[in-house]
2 protein chains.
Amino acid sequence: MVRVYGSPSGMGGRAPRHLDATASAAARLDADPLRAKPLEKTKGWNVTTGFAHAELIAVLAAVTGDEPRVMTVDAGKALPSGPFESSHRSLQVGLRDWIESQTGHPVGFLEQLYTFADSDRDPGSVTGARRISISYLGLVREQAAPGAGQPEWHGWHEYFPWEDRREGDPAGLAQILQGLRGWAESDPDRDQRIDFAFGQNGLPWNEDLVLQRYELMFEAGLIPEAGAPEAPAFGRPMQGDHRRILATGIARLRAKIKYRPVAFEIMPDSFTLLQLQRTVEALVGLRLHKPNFRRQVDQQELIEETGETTTEARGRPAMLFRYRRAVVEARALSGTRLPIKV
Amino acid sequence: MVRVYGSPSGMGGRAPRHLDATASAAARLDADPLRAKPLEKTKGWNVTTGFAHAELIAVLAAVTGDEPRVMTVDAGKALPSGPFESSHRSLQVGLRDWIESQTGHPVGFLEQLYTFADSDRDPGSVTGARRISISYLGLVREQAAPGAGQPEWHGWHEYFPWEDRREGDPAGLAQILQGLRGWAESDPDRDQRIDFAFGQNGLPWNEDLVLQRYELMFEAGLIPEAGAPEAPAFGRPMQGDHRRILATGIARLRAKIKYRPVAFEIMPDSFTLLQLQRTVEALVGLRLHKPNFRRQVDQQELIEETGETTTEARGRPAMLFRYRRAVVEARALSGTRLPIKV
DNA sequence: TCCTTTATACTCGATTCGAGTATATCAAGG
DNA sequence: CCTTGATATACTCGAATCGAGTATAAAGGA
């Protein structure tokens, strides 16, 4: 049951900027209220709270026509966001209701993603109060055909074209690597980070490293949001750091889909095994091995036949399945297995 | 590589209160600013931000003498916390510096845990501005012997005695279950939640469900913090919802230790395999199978011999090992494996 | 010397995983 | 009607991993 230490790293090997600012050794020398202030040794910090602007940001994902999509506002330039108000009992409840009223579809999955509060997020503001963004990741079933007043959805590969490896190396990868290598200037440390994040020089591609790849490109000045004057502009830009938040959401979703049956939150009520596989492939940006995919899904008894078949495609009709929600959710999630129990 | 859908649930089967307030159907009927306000359809929420009090809270864990400990203030009644100030570039950096100055030991691991903002956290405050607590989980090496001015450390099983299953069923479990069953009143839904969280009626104990267990006891009125008049008081109480935050931290750590080598962030520079095992056992609250534990650790090449041995114990001297940090962090973290790649 | 204690090494069967191959069943076209 | 192409579904096989148990080595103490 207990499998201590799966694979290495996680906090090591240079974490992303906003997750652990190893790069900002300079910041340690800055005026630091947590240090400059004479701390009462055994009291921790004092109990006064600071004031801040607070907002909610949602990364809402769906899959339509084998393409992963994200809900946007402002012509695709921003993620939906709103003020954080004080009358909610729960952030989750309010957010869920709002999303359902906007999309017309229930949100099957919603969880907190990350709270962004670094002061270099919006360099313009020099006001004392800082902006805090509490972001959430949500999964929505295939939305209705876009009509008037419908929220906008954009394929997320518009923003991260290099994340789609379903048809092999994506177009533009060569230029990205060229830009990164130029920035690295044969610095072995930087070259190693590039190899690691983009699976170069014999290292495997790791679909989870969405954020690391974005941060690397950001550092290298390949991202317009970085404020670079003449950035080559890989992928479609977004307002502020919304693209970073989206990258965080995609990374979380790709990691989560491996140990929790979240993909069903995006599927319609009944679906074929190939539709399910295509959805997962869209989310992780990879092609999967069909026979093994099928084996894994049904040996875990996640689904059951509806008894019907579909004749949409040209070949042999496929059986339709439905997610066994009640059964799956009721049974003991053994969780990630620990190594050994005595 | 890609292993879609490990085990079931995750968002289902009744999530903890603060993570998804399924229980508060009532809240949906409340005045809801995200709904009551006429929303511009395609604009999401508006862009104004709300104001809030913001604070940082740290869950700092260490293991001393095979006991898992947590740093506290205020005589063990609270987690260290402090105001959120606006001059930091990164929350992480400031927090790390502060912790290191307080404990005298480097923080090997620090990551954001959760942002708590539900309005039922502090029922007293009726001010407009809400309190937001951004919590972090950190791992610290064994602290120096407690002296004057040193921060306090408490064994976390003082707060959650039922989480320590290293010596079999913990004392008091029977009373807890009795209390829970009384609250359930043969409601099959509640009984099932109890079985699931506490591994009853044939279900296995899942060490990761720290938060679910706490929430269940909270709902059942077995936790003094719930405001129950004559609560039986299982485990030592804490201020406000600090115990819930601690439970969140323990749950995260127990989950993380299974797929990331975080245990080494708590170990001294050189250690024996048994010391490593005892540390992991302390954190997950279970006994592990010794031969298999050793096999897993060294077949992953996480450690290397120092060449020295120890004669602390009575029997055969054990070899001392050190964590191969550089090697482990440099190599490709294949991450959690996806099912299959073509 | 013998016994206890701890460390370390090895074995075995069951299960899972990656990868590949074989067969079934439809639609369309000659 | 029968071939062809396309898709669905089923089966095989070796390698790796996992849970569980057993055996041997090296110390200290009686």
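Predicted model, so just to flag it, every value in this text is computed and none were measured. (Residues numbered from 1 in each chain as written. Chains lettered and ligands numbered in written order. Predicted model: local features only at pLDDT ≥ 70, side-chain atom pairs only at ≥ 80, totals over all residues. Heavy atoms only, no water.)

Describing the overall build of chain A
In terms of regular secondary structure, chain A is built from 9 helices and 9 strands. By the burial criterion, 55% of the 342 residues in chain A qualify as buried. Counting contacts in chain A only where the partners sit at least 6 residues apart, residues at least 24 apart contribute 64% of the total. For chain A, the accessible surface area stands at approximately 14,000 Å², while carbon and sulfur atoms represent 50% of it. (Helix = DSSP H or I, 4+ residues; strand = E, 2+ residues; numbered from the N terminus. Buried < 20%, exposed > 50% of the residue type's maximum accessible area, 1.4 Å probe, protein only. Contact = heavy atoms within 4.5 Å. Areas by Shrake-Rupley, 256 points an atom, 1.4 Å probe, with all protein chains shown as cover.)

Comments concerning the sheet that holds strand β7 (residues 270–271) of chain B
Residue and element names in this part refer to chain B. Judged by pairing direction, the sheet is antiparallel, and its 3 strands sit side by side in the order β7-β9-β8 without closing on themselves. Strands with a single pairing partner mark the edges of an open sheet, and in this sheet they are β7 and β8 (303–310). Bridging between β8 and strand β9 (residues 318–323) involves 5 bridges; their strand directions are antiparallel. Following the sheet pairing, Glu305 is matched in β9 by Phe321. (Pairing = 2+ DSSP bridges.)

Observations concerning the side chain of Asp191(B)
Tracing the backbone through its elements, the reader meets Asp191(B) in helix α4 (residues 188–198). Overall, Asp191(B) belongs to the buried group, its relative accessible area being 18%.

Re the sheet that holds strand β8 (residues 303–310) of chain A
Strand order in the open sheet formed by 3 strands is β7-β9-β8 (chain A), and the pairing between neighbours is antiparallel. The open sheet terminates on both sides in strands that have one partner only, identified here as β7 (270–271) and β8 of chain A.

Description of the pairing of strand β4 (residues 107–116) of chain A
Residues and elements named next belong to chain A. Burial runs high along β4: 9 of the 10 residues are buried. Looking at chain direction, β4 and strand β5 (residues 130–140) are connected through 8 bridges and run antiparallel. Looking across to β5, one finds that Phe109 is bridged to Leu139.

Focus on the packing of aromatic side chains
Under the counting rule described, the total for this entry stands at 14 aromatic pairs over all chains. For the ring pair Tyr214(A) and Phe218(A), a centre distance of 6.1 Å and an interplane angle of 45 degrees mean the geometry is tilted. Here Phe218(A) and Tyr214(A) lie together in helix α5 (residues 210–219), a separation of 4 residues that amounts to about one turn. Just as Tyr214(A) is buried, Phe218(A) falls in that class too. Counting every residue linked through ring pairs, the aromatic cluster contains Phe160(A), Trp162(A), Tyr214(A) and Phe218(A). Over the face of the ring belonging to Phe160(B) we find Arg243(B), whose NZ or CZ atom lies 5.9 Å from the ring centre. (Phe/Tyr/Trp six-rings, centres within 6.5 Å; stacked < 30°, edge-to-face > 60°. Lys NZ or Arg CZ within 6 Å of the ring centre and 35° of its normal.)

Regarding the nonpolar core
Across soluble globular proteins, nonpolar side chains have a tendency to be buried as a group. Counting residues in each nonpolar core, the largest one holds 170 residues, and the members touching the most others are Leu180(A), Phe198(A), Leu180(B) and Phe198(B). Those residues in contact with Leu180(B) that lie beyond four places of it in its chain are Ile194(B), Phe198(B), Leu216(B), Met217(B), Ala220(B) and Leu222(B). (Core = buried A, V, L, I, M, F, W, Y, C linked by side-chain atoms within 4.5 Å.)

Observations concerning unusual backbone geometry
The bulk of non-glycine residues show a negative phi, and the bulk of peptide bonds are trans. Residues and elements named next belong to chain B. Backbone geometry places Glu185, a non-glycine residue, at a positive phi of 50 degrees. For Glu185, the location among the structural elements is in the loop between α3 (173–184) and α4. The backbone phi angle of Glu301 is positive, close to 55 degrees, even though this residue is not glycine. Among the secondary structure elements, Glu301 is positioned in the loop between α8 (290–299) and β8.

So, the packing of α4(B) against helix α5 (residues 210–219) of chain B
Residue and element names in this part refer to chain B. Put simply, α4 and α5 touch, their axes get as near as 9 Å, and they point 145 degrees apart. Relative to α5, α4 is oriented so that their crossing is left-handed. Side by side, α4 and α5 meet where Arg193, Ile194, Ala197 and Phe198 of the first sit next to Arg213, Leu216, Met217 and Glu219 of the second. (Axes fitted to C-alpha atoms, helices over the stretch in contact; angles between N-to-C directions. Left-handed = near helix turned anticlockwise from the far one by under 90°.)

Things to note about the packing of α3(B) against α4(B)
Residue and element names in this part refer to chain B. Running from amino to carboxyl end, α3 crosses α4 at an angle of 160 degrees, the nearest separation of the two axes being 9 Å. With respect to α4, the axis of α3 lies roughly antiparallel. Seen from above, α3 lies across α4 with right-handed handedness. Two secondary-structure elements touch here, α3 through Leu173, Ile176, Leu177, Leu180, Arg181, Trp183 and Ala184 and α4 through Arg190, Asp191, Arg193, Ile194, Asp195 and Phe198. Residue composition of the contact of α3 with α4, by class: 8 nonpolar, no polar and 5 charged. (Parallel < 35°, antiparallel > 145°, perpendicular 65-115°, else oblique. Nonpolar A, V, L, I, M, F, W, Y, C, P; charged D, E, K, R; others polar.)

Examining the environment of Thr306(A)
Residues and elements named next belong to chain A. Mapping Thr306 onto the fold places it in strand β8. C-alpha of Thr306 to C-alpha of Arg322: the two residues are 16 residues apart in sequence and 6.3 Å apart in space. Excluding its chain neighbours within four sequence positions, the residues that come into contact with Thr306 are Ser270, Leu320, Phe321 and Arg322. Among the polar contacts listed, one links the side chain of Thr306 to the backbone nitrogen of Glu308, at a separation of 3.2 Å. (Polar contact = N/O pair within 3.5 Å; in protein donor to acceptor, adjacent residues only side chain to side chain.)

Overview of the pattern of salt bridges
It is possible for side chains of opposite charge to pair when their charged atoms get near one another. Residues and elements named next belong to chain A. This model, assessed by the stated rule, comprises 46 salt bridges over all chains. One salt bridge in this structure joins Arg181 and Asp195, with 2.6 Å as the shortest N-O distance. A residue pair is termed long-range when its members are at least 10 positions apart, and Arg181 in helix α3 (residues 173–184) and Asp195 in helix α4 (residues 188–198) qualify at 14 residues. Note on Arg181: relative accessible area 28%, which makes it partly exposed. Among the residues examined, Asp195 registers a relative accessible area of 12% and is labelled buried. Members of the salt-bridge network, linked through shared partners, are Glu167, Arg278, Glu281 and Arg287. (Salt bridge = Lys/Arg side-chain N within 4 Å of Asp/Glu carboxyl O.)

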